[in-house]
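Chain and residue survey
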Amino acid sequence: MNLKNDLLLRAARGEKVERVPVWTMRQAGRILKEYREVRAKAGSFINLAKSPEMAAEVTIQPVDILGVDAAIIFSDILVVPEAMDLPYEMVEKKGPLFPKTVKTAADIEALNVTDIEDRLSYVIEAIKLTKQGLEGRVPLIGFAGAPFTILCYMIEGQGSKTFSKAKKMLYTQPELAHTLLQKITDVTITYLKAQIAAGANLIQVFDSWAGILSPQQYSEFATPYIGQICEAIQEVPVTVFAKGAYFAREEIGQLDCQVVGLDWNMNIAESRKLIAGKTLQGNLDPCVLYAEKPEIKKHVSAMMESFGKQKYIANLGHGVYPDTDPDKVKYFIETVQAW
C-alpha cells in the first residue's frame, strides 16, 4: 500500500523532505479521554494490550485527534518476557510486577524461546488491523525493548531507580548475563520480524534503562545485542533510543540503524557531530508541554533551528507525561508541522 504521508520513512532513510515529520512517544495513552474510555471498557491495561481490536483503535486515535505523522502500535515492551514464560501484572500507580523472576542458570535455561509469533499473535493481529484502519494515511511504527532493558525487568521483577539486582549479575555472573541477553535478543528479532511481516513500516528499539550503566558496561552488555537486532532487520528503517546513554551516542551511531533517538539531556549540535550521517529524533523535554503556548513555541522553534530540516524526526525526549493537556500536545505537533 502506498502511503499518503511517507515523511517519517523518507526522513528515516535520509531522503529529502518538504517538512519535518513529528510524532510523540506514548501518544496513544492516558492524555486522551478517548483512550481512557477504551481502557475502561477493557478493564485493565493488559486486557487492552491483548485485544487486537482495542489496541488498533487506540493506536489510530492520535492520528485522528493530534494529527501526528506516524502511528505507533499500542503494546508494551514487557510482552517479550511474558512470551518467554515470565508473566507480569500491571499494578495501578506502581507499574509492572513480575511474580517470578530470573535468579539462576536453571531459570534462564527454563525460559521459552519457541513459538514466539503464536504467543504474541495478539500484537501481530493488532498491527494488521491498524494497517487496515489507517488506510495508508501514515506509517506504522513497531517496537520492542532493548535486551538490557528487558533483562532489568526479568531479574528485578519491577521498576527500580537503580536496578541493583540486575547490575549485580553483570558484575558477579557476567557469563549468565550474556546467556540471558542472547536469549532475549533472539526472541526479540523473531518478534520484530513478525511485526514487519504484519505491516510495521519502521521499528524502534527502546533502551529505557540504558542510563544506569557505565560506558564500559554499555559497550559490553548493551550495544552488541542492539547491534545484532539492527543487523537482522534490513527490511525497514530502525530507530535506536537509549534513554540517558549520552556517553554511548557515538557507539550507537556506528550501529546498522538509520535513526538515533535523543533525550532532552543530549546536546543537539554535539550529537550531530558524534552521530554523523544518521537521522536524529527528539528531543524536547516533555515538561515543556506544561508551559503556555508562546513558551512552547519558543522552545520548539529553538529545537527545530538546532536540528535543521533534513535527517530529522521531531519528537519529545521521552514519552509524553499522562497529566499533559492534549491541546498542548496538539499545539506541539502543529508548531513543528508549520515550521
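Please refer to the structure higher up on the page.
These notes cover the structure that comes with them. Residue numbering note: each chain is counted from 1, following its sequence as written. Where totals are concerned, whole chains, interfaces and linings use all residues; where local detail is concerned, this predicted model gives features only for residues with pLDDT of at least 70, and gives and counts side-chain atom pairs only at 80 or more. Only hydrogens and water are set aside when side-chain values are computed; all heavy atoms of the structure are taken into account.

**Thoughts on the overall build of the protein chain**
Test applied: Secondary structure is summarised from DSSP: a helix means a run of H or I of at least four residues, a strand means a run of E of at least two, and numbering begins at the N terminus for each. Only the C-alpha atoms count toward the radius of gyration. The rule for a globule is 2.2 Å times the residue count to the power 0.38. Three exposure classes are used, based on accessible area relative to the maximum for each residue type with a 1.4 Å probe and protein chains only: buried under 20%, partly exposed in between, and exposed over 50%. We call two residues in contact when some of their heavy atoms are within 4.5 Å. Using the Shrake-Rupley algorithm and a 1.4 Å probe, accessible areas are obtained, with residue cover drawn only from the displayed protein chains.
Within the protein chain one finds 17 helices and nine strands. The C-alpha atoms of the protein chain give a radius of gyration of 19 Å, which matches the 20 Å a tight globule of 339 residues would have. Projecting the C-alpha coordinates of the protein chain onto the three principal axes gives extents of approximately 55 × 45 × 35 Å. For the protein chain, buried positions account for 58% of its 339 residues. In the protein chain, the share of contacts with a sequence separation of at least 24, taken over all contacts with a separation of at least 6, comes to 73%. Entry remark: accessible area of the protein chain is about 13900 Å², with carbon and sulfur atoms responsible for 51%.

**Some thoughts on the pairing of strand E4 (residues 140–145)**
Strand residues, when the strand is regular, have side chains that alternate between the two faces of the sheet. Basically, it comes down to this: Here a strand pair is declared whenever DSSP counts at least two bridges between the two strands.
Burial analysis of E4 places six of its six residues in the buried class, which makes it a mostly covered element. Of the two faces of E4, the one lined by Leu140, Gly142 and Ala144 and the one lined by Ile141, Phe143 and Gly145 are each fully buried. Two elements, strand E1 (residues 71–72) and E4, share two bridges in a ladder whose sense is parallel. Within E4, the position partnered with alanine 71 by the bridge is leucine 140. Two strands pair when backbone bridges link them, and E4 and strand E5 (residues 202–207) are joined in this way by five bridges, in the parallel orientation. In the sheet register, glycine 145 faces E5, and the bridge partner there is phenylalanine 206.

**Brief notes about the sheet that holds strand E9 (residues 312–316)**
The seven strands are arranged E1-E4-E5-E6-E7-E8-E9 in an open sheet whose pairing can be described as parallel. Each edge of the open sheet carries a strand with a single partner, namely E1 and E9.

**Points about helix H16 (residues 293–307)**
Convention followed: Every helix has an expected span of 1.5 Å times one less than the residues it contains. To obtain the arc, one takes the directions from the helix axis to the C-beta atoms.
In a regular helix each residue adds 1.5 Å, so 15 residues correspond to 21 Å; H16 covers 21 Å between its end C-alpha atoms and thus fits that length. Considered for burial, the residues of H16 that qualify are Ile296, Val300, Met303, Met304 and Phe307. On an axial view of H16, the arc spanned by its buried residues comes to 100°, and they lie on one face. Summarising the geometry of H16, the exposed residues directed more than 90 degrees from the buried face are Pro294, Lys298 and Glu305.

**Some remarks on the pairing of strand E8 (residues 279–284)**
In terms of burial, E8 is a largely internal element, six of the six residues being buried. Alignment of strand E7 (residues 259–261) against E8, held across three bridges, turns out to be parallel. Looking across to E8, one finds that glycine 261 is bridged to glutamine 281. Direction of pairing for E8 relative to E9: parallel, over a ladder of five bridges.

**Some remarks on the side chain of glutamate 156**
Rules: For the purpose of charge, His is not counted, nor are the chain termini; Lys and Arg are scored as positive and Asp and Glu as negative. Criterion for a salt bridge: a side-chain nitrogen of Lys or Arg within 4 Å of a carboxyl oxygen of Asp or Glu. Contacts described as polar in this section are N or O atom pairs within 3.5 Å, which, within protein, must combine one atom able to donate a hydrogen with one able to accept it, while residues neighboring in sequence count only if both atoms come from side chains.
Examined against the element boundaries, glutamate 156 turns out to sit in helix H9 (residues 147–156). The buried charged residue glutamate 156 lacks any salt bridge, with lysine 165 as its nearest oppositely charged partner at 5.2 Å. A polar atom in the side chain of glutamate 156 sits 3.3 Å from the backbone nitrogen of lysine 165. When residues no more than four places from it in sequence are discounted, the contact partners of glutamate 156 are Thr101, Phe163, Ser164, Lys165 and Ala166.

**Considerations on the nonpolar core**
Put simply, the rule is: Take the buried Ala, Val, Leu, Ile, Met, Phe, Trp, Tyr and Cys residues and link them wherever side-chain atoms come within 4.5 Å; each set so joined is a nonpolar core.
Tyr218 and Phe332 are the most contacted members of the largest nonpolar core, which has 132 residues in total. It is helix H11 (residues 174–198) that provides the largest number of residues to this core, a total of twelve residues. Excluding residues within four positions of it along the chain, phenylalanine 332 makes contact with Val22, Thr24, Leu284, Leu289, Val300, Met303, Asn315 and Leu316.

**Observations regarding the packing of helix H8 (residues 121–134) against H11**
Quick reminder of the rule: For helices, the axis comes from a line fit to the C-alpha atoms of the stretch in contact; other axes are also lines fit to C-alpha atoms, and the angle between any two N-to-C directions lies between 0 and 180 degrees. Each angle is binned into one of four classes, with values under 35 degrees roughly parallel, values over 145 roughly antiparallel, values of 65 to 115 roughly perpendicular, and all other values oblique. With the far helix as reference, a near helix turned anticlockwise by less than a right angle produces a left-handed crossing, and one turned clockwise produces a right-handed crossing. Note on residue categories: nonpolar means Ala, Val, Leu, Ile, Met, Phe, Trp, Tyr, Cys or Pro, charged means Asp, Glu, Lys or Arg, and polar means any other residue, Gly included.
Viewed as axis vectors pointing N to C, H8 and H11 meet at an angle of 25°, and their least axial separation amounts to 9 Å. Our classification of the angle between H8 and H11 gives roughly parallel. Pair H8 / H11 crosses with right-handed handedness. Facing H8, whose interface residues are Val123, Ile124, Ile127, Lys128 and Lys131, H11 presents Tyr191, Ala194, Gln195 and Ala198. Partitioned by chemical class, the residues of the contact of H8 with H11 number six nonpolar, one polar and two charged.

Spatial relationships are all this shows, so hold off on functional conclusions.
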